[in-house]
Amino acid sequence: MNKEKEIEEQKSYINKVKEMNKGKDLKYTILTMGCQLNENDSEKICGMAEEMGYTKTQNQKDADLAIFNTCCVRENAEDKLFGKLGELKKLKEQKGIIIAIGGCMMQEKHIIDKIKESYPFVDIVFGTHTLHKFPEDLYKSIQEKRKIEDVIDIDGEIYEGLPIKRDSNIKASVTIMNGCNNFCSYCIVPYVRGRERSRNPRDIINEVRELAKQGYKEITLLGQNVNSYLRVEKEKNIEFEEYEGVNSFATLLTAINKIDGIERIRFVSPHPKDFTDDVIDAIAKCEKVCKLVHLPLQSGNTKVLKEMNRKYTKEQYLNLVEKMKNRIPNLTLSTDIIVGFPGETDEEFEDTLDVVRKVKFEQVYMFIYSRRVGTPGDKMENQVPDDIKHVRFDKLKSLVESQIEENNKKYIGTIQKVLVEGESKNNKEMLTGRTDSNKVVIFEGNKDLINKIINLEIVSEHMWYLKGKEF
Ligand code: SF4
């Protein structure tokens, strides 16, 4: 069946479930684990659930349908899922709640086996390549009163036209590509999300235009490897329609920059090896593209980077940073770092600290290396003991925190353009927003300012946020 027909069929299942649910006031909960791509997938699952007649509740006890969208990048996500399933067993017995689990973890055989063995009350299991079939799976589970396992192992397809229920009405994520061809040796993504494939330029541009029409101000372009957008298609001569001049990541940024109403463009995650000059120039020239760039480092040591299969050296990374800083005015950088990759010695870890000292990142997402079944890293014999990993992690954390403190001071007295997102979660009297460099700023102000970009003078700094006043 072609993809358009497949989506039409799923829409007919949406209507069938909606009909079954008529007048029943049914509710659903969703727990999303993992990255922004997973959050975007969850918005699609929520869109389908709501069209099928379910309304969202935060209270699990009220729910008739509990959905988990899982991630398998970190080991503790498994413990979290299994803990939650244990809690749901009672609700299953008391009121027959339907339990559906999807996402990356379901692409792993040992996880499915564990669910079948220890949590046989789970109704639906679906994978990353069958998310669009959630309506059909739910319908069959209810109608035929049987367990559904809908997981396939393919390179992956892109389906357009699924309903979506977004979490925010100010900021929206737009997936531009799926899958990954890089096979970093610690990462499970290529095995669970399949090969790299890009969405058509026309579909992306139209989605962003529609978001602008609905009043969204900030767009985040998502992909496992965003700056290789359309690369595989070109390399393999896979036909794609060039639309409004879009035939690469740089031209995509340029085209979205022209869309009226959109005021900020962000993207995650690029790969340093694919950071070509045209992308650097597009970031510099496009006034709406935020000047905070996320540039995953992972390790600052060339030998460890080679073992990680990252395809750049410490020097190449530092040269790239230098080039970007020279060409992009007001550039700030954030990064990801993994501590304790197999074989990493104390001296090699020092190289990571050295890069952090030199680059002075605005934000560092730090991770302790966690073994993932099925990856080359898991098979390496020289695993670093946990206590050493923790010592290194704490060292990195204190360096990063001292840099954040120092960096925050630079904001005091400056005027920052802040996109106002809403009331502060911790203090309803204050509003919260973010700078171009993604710093949280809280300030006193009128609620009319929500969803506007305003100038704030920064008056004080705190570890994780700044305080501002209207200027
Ligand atoms: S680039 Fe590397 S870390 Fe990122 S998704 Fe692909 S394999 Fe994983």
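What this report covers is the structure whose coordinates are included nearby. This structure is a prediction, so every number in the text was calculated from the model and none was measured.

The rules behind each value
- Residues numbered from 1 in each chain as written.
- Predicted model: local features only at pLDDT ≥ 70, side-chain atom pairs only at ≥ 80, totals over all residues.
- Heavy atoms only, no water.
- Helix = DSSP H or I, 4+ residues; strand = E, 2+ residues; numbered from the N terminus.
- Polar contact = N/O pair within 3.5 Å; in protein donor to acceptor, adjacent residues only side chain to side chain.
- Contact = heavy atoms within 4.5 Å.
- Buried < 20%, exposed > 50% of the residue type's maximum accessible area, 1.4 Å probe, protein only.
- Pairing = 2+ DSSP bridges.
- Salt bridge = Lys/Arg side-chain N within 4 Å of Asp/Glu carboxyl O.

### Here's the deal with the side chain of Asp-274
No. 1: Here Asp-274 is to be found in the loop between β11 (264–268) and α10 (277–285).
No. 2: Of note is the side chain of Asp-274, whose polar atom sits 2.9 Å from the side chain of Arg-231.
No. 3: When residues no more than four places from it in sequence are discounted, the contact partners of Asp-274 are Asn-225, Asn-227, Ser-228 and Arg-231.

### A word on the pairing of strand β16 (residues 431–435)
No. 1: For β16, the tally of buried residues reaches four of five residues, placing the bulk of the element in the interior.
No. 2: The pairing of strand β15 (residues 415–423) with β16 spans five bridges and is classified as antiparallel. Each bridged residue has a counterpart across the sheet, and for Val-418 the counterpart in β16 is Thr-435.
No. 3: Relative to strand β17 (residues 440–443), β16 runs antiparallel, the two sharing four bridges. Residue pairing across strands places Gly-433 opposite Val-441, the latter belonging to β17.

### Focus on the pattern of salt bridges
No. 1: Taken as a whole and assessed by the stated rule, the structure comprises 44 salt bridges.
No. 2: One salt bridge connects Lys-27 with Asp-25, and the closest N-O pair in it is separated by 3.5 Å.
No. 3: Judged by its relative accessible area of 23%, Lys-27 is partly exposed.
No. 4: Residue class for Asp-25 comes out exposed when judged on its relative accessible area of 57%.
No. 5: With its nearest N and O atoms 3.0 Å apart, the salt bridge here joins Asp-274 to Lys-273.

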